[in-house]
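Structural characterization, general
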Amino acid sequence: MPSISDTAYPRLKTSLSAKELEEIYTPLLHELSFAKERTRQAHHCAYLLILLKTFQRLGYFATFTGIPGLIIDHIAKCVGLTDVSEQLRVFDTTTIRDRHKPLIREFVGVHPFGKEARRIIISACTKASSTRDDLPDIINIAIEELIKHRYELPAFSTLLRLARSARSKVNREY
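Residues numbered from 1 in each chain as written. Predicted model: local features only at pLDDT ≥ 70, side-chain atom pairs only at ≥ 80, totals over all residues. Heavy atoms only, no water.

As for the nonpolar core
One recurring pattern in soluble globular proteins is that nonpolar side chains are buried together. For clarity, the cut-off: Nine residue types can take part in a nonpolar core, namely buried Ala, Val, Leu, Ile, Met, Phe, Trp, Tyr and Cys, and a core is a set of them joined through side-chain atoms within 4.5 Å. Buried, partly exposed and exposed residues are distinguished by accessible area as a fraction of the type maximum, computed with a 1.4 Å probe on protein chains only: under 20%, between the cut-offs, and over 50%, respectively. Put simply, DSSP H or I for four residues or longer makes a helix, DSSP E for two residues or longer makes a strand, and each gets a number counted from the N terminus. Two residues qualify as a contact provided that any one of their heavy atoms is within 4.5 Å of a heavy atom in the partner residue.
Within the largest apolar cluster, 53 residues are counted, with the highest numbers of intra-cluster contacts made by L49, I67, I71, L146 and L159. Listing elements by their share of this core, those giving two or more residues are α1 (18-25), α2 (29-38), α3 (42-58), α4 (69-78), α6 (95-108), α7 (115-129), α8 (135-148) and α9 (156-173). Counting residues per element, this core draws most heavily on α3, at ten residues. L146 has contacts with A117, I120, I121, Y151, L153, P154 and L159, leaving out every residue within four places of it along the chain.

Right, dumping it as structure tokens:
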């Protein structure tokens, strides 16, 4: 069974240089205005920016337990907060996360994963399975298609299950 590291499925690095933090995770001015216009408190603003910057990097919404503290602290400092990683982790269990997701999708211009995205994955995996047998290759093609059509990436297990199913279907037809 292929693991997530065998594919192009995006993941966050646990150790980043200061240059990487600055280039990748420092909010731009229009991102700061976006967050400040849609939140009232600094903690909510930081949370929105952390979700935004990690979504831009990953293509899906990571949980705070999956985001390295270095990234959380860096983005929080950009909005004037210090030492807040533990305070922000509670937002994963609140409705704030659910309210921020559509705002981020609209800002980035990405559609949520749904029936149409699932159809795209099945089509891409079926087509790829006719010329490839390796699951990581089939998954990578599905990821590429979702990105091309501007869809949020599903959980890796969803991609794996759909790729495996498409490959089995094509092999049975042979």
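Anyway, onward from the coordinates.
Observations concerning the packing of α3 against α4
Applicable threshold: Working convention: axes come from line fits to C-alpha atoms, limited for helices to the stretch in contact. Angles between N-to-C directions cover 0 to 180 degrees. Angular relationships are summarised with four words: roughly parallel below 35 degrees, roughly antiparallel beyond 145, roughly perpendicular across 65 to 115, and oblique for the angles in between. Handedness of a crossing follows from how the near helix is turned relative to the far one, being left-handed for an anticlockwise turn of less than a right angle and right-handed for a clockwise one. Gly falls in the polar group here, along with every residue not listed as nonpolar (Ala, Val, Leu, Ile, Met, Phe, Trp, Tyr, Cys, Pro) or charged (Asp, Glu, Lys, Arg).
Interaxial distance between α3 and α4 falls to 9 Å at its minimum, and their mutual angle equals 125°. On the basis of the axis angle, α3 is oblique to α4. Helix-helix and strand crossings are classified by hand; for α3 and α4 the assignment is right-handed. In this structure, α3 uses A46, L49, I50, K53 and T54 to contact α4, whose residues at the interface are I71, I72, I75 and A76. Broken down by class, the residue content of the contact of α3 with α4 amounts to seven nonpolar, one polar and one charged.

Here's the deal with α9
Since there are 3.6 residues in each turn of an α-helix, residues three or four apart along the chain are aligned in direction. Rules: Expected helix span is taken as 1.5 Å per residue step, with the number of steps being one fewer than the number of residues.
An ideal rise of 1.5 Å per residue puts 26 Å on 18 residues; α9 measures up with 26 Å between its terminal C-alpha atoms. For α9, the full list of buried residues reads F156, T158, L159, L160, L162, A163, A166 and V170. Its buried side turned inward, α9 meets α7 and α8.

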